[in-house]
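Each chain is listed here by its residues.
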Amino acid sequence: MQPVDTLIQARWVIPVEPRQTVLEHHAVAIDGGRIVAILPAQEARQRYAPRASIELPEHALTPGLINAHTHAAMTLLRGVGDDLPLMRWLSERIWPLEKALVDEQFVHDGALLAALELLRGGVTTCSDMYFHPEAAARAMREAGMRAVVGIIAIEFPTAYATDAEDYLRKGLAARDALRNDPLVAFTLAPHAPYTVADATLRRIATYAEELDLPIHMHVHETADEVFEGVQQHGMRPLARLDKLGLVTERLIAVHAVHLEPVEIALLGERGASVAHCPASNLKLASGFAPVAALLAAGANVAIGTDGAASNDRLDVMEDMRLAALLAKAVAADATALPAWRALECATLGGAKALGLEARVGSLSVDKDADLAAFDLSGWETTPCFDPVAQLVYAAGREHVTDVWVAGRQVVRARQPVVLDDSAQRHALTAARAAWHARTLQLLR
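The text that follows walks through the structure, step by step, so that each part is easy to find. Predicted, not measured: the structure shown is a model, and the values here were computed from it.

Conventions and cut-offs
- Residues numbered from 1 in each chain as written.
- Predicted model: local features only at pLDDT ≥ 70, side-chain atom pairs only at ≥ 80, totals over all residues.
- Heavy atoms only, no water.
- Pairing = 2+ DSSP bridges.
- Helix = DSSP H or I, 4+ residues; strand = E, 2+ residues; numbered from the N terminus.
- Axes fitted to C-alpha atoms, helices over the stretch in contact; angles between N-to-C directions.
- Parallel < 35°, antiparallel > 145°, perpendicular 65-115°, else oblique.
- Left-handed = near helix turned anticlockwise from the far one by under 90°.
- Contact = heavy atoms within 4.5 Å.
- Core = buried A, V, L, I, M, F, W, Y, C linked by side-chain atoms within 4.5 Å.
- Buried < 20%, exposed > 50% of the residue type's maximum accessible area, 1.4 Å probe, protein only.
- Nonpolar A, V, L, I, M, F, W, Y, C, P; charged D, E, K, R; others polar.
- Phe/Tyr/Trp six-rings, centres within 6.5 Å; stacked < 30°, edge-to-face > 60°.
- Lys NZ or Arg CZ within 6 Å of the ring centre and 35° of its normal.

A few words now on the sheet that holds strand E3 (residues 34-40). Adjacent strands of a sheet form backbone hydrogen bonds with each other and so pair up, either parallel or antiparallel. Read across the open sheet, the 8 strands follow the order E3-E2-E1-E4-E13-E14-E15-E16; overall the sheet is mixed. The open sheet has two edge strands with one neighbour each: E3 and strand E16 (415-416). Direction of pairing for strand E15 (residues 408-412) relative to E16: antiparallel, over a ladder of 2 bridges. Its bridge partner lying in E16, valine 411 is registered against proline 416.

Here the focus is the packing of helix H2 (residues 86-101) against helix H15 (residues 422-443). Look at H2 against H15: their axes get within 11 Å of each other, and the N-to-C directions meet at 125°. Between H2 and H15, the crossing angle belongs to the class labelled oblique. Along this stretch, H2 crosses H15, giving a crossing that reads as right-handed. Taking contact as the criterion, the partners of Arg93, Leu97, Ala100 and Leu101 in H2 are, on H15, Trp435, Arg438, Thr439, Leu442 and Leu443.

Now for the nonpolar core. By size, the foremost hydrophobic cluster in this structure holds 123 residues, and its most contacted members are Leu77, Trp89, Phe106, Leu238, Leu267 and Leu337. The element contributing the most residues to this core is helix H3 (residues 104-120), with 10 residues. For tryptophan 89, the contacting residues outside a window of four places in its chain are Met74, Gly81, Leu84, Ile94, Leu284, Ala309 and Ser310. One finds Val28, Leu61, Leu363 and Leu371 within the second-largest nonpolar core, a separate group that totals 14 residues.

Before going further, it helps to examine unusual backbone geometry. For the peptide bond that leads from glutamate 17 to proline 18, omega is -5°, which places it in the cis range. The amide bond that connects threonine 382 to the next residue, proline 383, takes the cis arrangement and shows omega of -5°. Its place among the elements puts proline 383 in the loop between strand E13 (371-375) and helix H14 (387-393). With a phi angle near 50°, alanine 413 is a residue other than glycine that sits in the positive phi range. Within the secondary structure, alanine 413 sits in the loop between E15 and E16.

It is the contact of H3 with helix H4 (residues 133-143), at a shortest axis distance of 8 Å, that shows an interaxial angle of 35°. Like other packed secondary-structure pairs, H3 and H4 cross with a definite hand, here right-handed. Residues Glu104, Val107, His108, Ala111, Leu112, Ala115, Leu116 and Leu119 of H3 form the contact with H4, whose participating residues are Glu134, Ala135, Ala136, Arg138, Ala139, Met140, Glu142 and Ala143. For the contact of H3 with H4, the class distribution of residues is 11 nonpolar, 1 polar and 4 charged.

Here the focus is the packing of aromatic side chains. With the rule as written, the count across this model stands at 6 aromatic pairs. The interplanar angle of 55° and the centroid separation of 6.1 Å between the aromatic rings of phenylalanine 131 and tyrosine 160 together place this pair among those described as tilted. Taken together, the residues span a long stretch of sequence, with phenylalanine 131 in the loop between strand E6 (123-128) and H4 and tyrosine 160 in the loop between strand E7 (146-153) and helix H5 (164-178) at a distance of 29 residues. In this structure, phenylalanine 131 and tyrosine 160 share a single accessibility class: buried. With 5.8 Å between their ring centres and 55° between their planes, tyrosine 160 and tyrosine 167 make a pair best called tilted. Judged by relative accessible area, which is 5%, tyrosine 160 ranks as buried. Above the plane of the ring of tyrosine 160 lies lysine 170, whose end atom (NZ or CZ) is 5.5 Å from the centre.

Structure below.
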């Protein structure tokens, strides 16, 4: 018998690729952090001698979910600006608090809290856009998560950097420092068209080609943003980005709510991605992204939660369900985003957006073993006629029992493994309480 590190046997294995495939009573064999086989469970028991054997008799086993857009450290600002529109939320609450609070420790502590929340929800990869990317990456790796962090660019000064050049210099230095970590990747992350100048955007387009990096950017989130872009530049923001060379297969257009048909076609023709954040779009009253039209045009769609200050849950399961339901309502078509396609957006769609589809996003031999297990035996998830539909429409993050990243188990019996260390748990609890106290003082 062939020795392997881990053999996971499940009631259903949902590989995402090939599409609409459900494998019953199958097993995934893992060795050296990678998937070496997916085969019937009985055959697997005869072929492999695992060092760890895990049986999940009532579970669906899927690729780890991918959060294609968040601001992880903003878990420490959860609830500080509820029920405000975007620009008031930013100018009256978020930007003043960030100016007073954000430093490397804030980012580390907030990102660690975010990572634990995400892992408990079956998320194995997080694409972050925030200050001090090296601190966010360090925190996510401490939790055992795969991190994709943004080299942020914005024109105005903050406690992190003085101008766009300083942001880029610090972000590129962080990339150099972390380039040997196999579970850390980077994007170029200009904040938005209304906060980044043409000269900076041109530099970012050049860097993206030279360094082979995605461009992660808020685009057409609100109608006001589009209107002001026309007033200032004489063209809609996406047209401006296209003129500057950013609308390519590297672009991850976050939100992409207010799109005209020609813009949907452009994103599809260029093979660009959209990070769809339905819960944040709803809470900030930003609108409804035309997801079905984007997919039909050939654009890639991924799922993001946005930050905990605007969602307020880092819950990709919830956003996946909202994405499926809203797509049907917007298109007036119950078939617009079927369950299997919604799950694809939350897994392989995110991997494609981030340039990681050769490594994660589906369960395939030689891919990294990033997996999530969902217990579908409860009252609220039975009877189960279609496990994919059950995951999207009935299950939630509370059904996640176990998670693996690159073959390492990082959630066991619903508990992140890092929290098995009582000292780490107490330190995190104390840090959260201290940041809460400081924020309350600033809000008074």
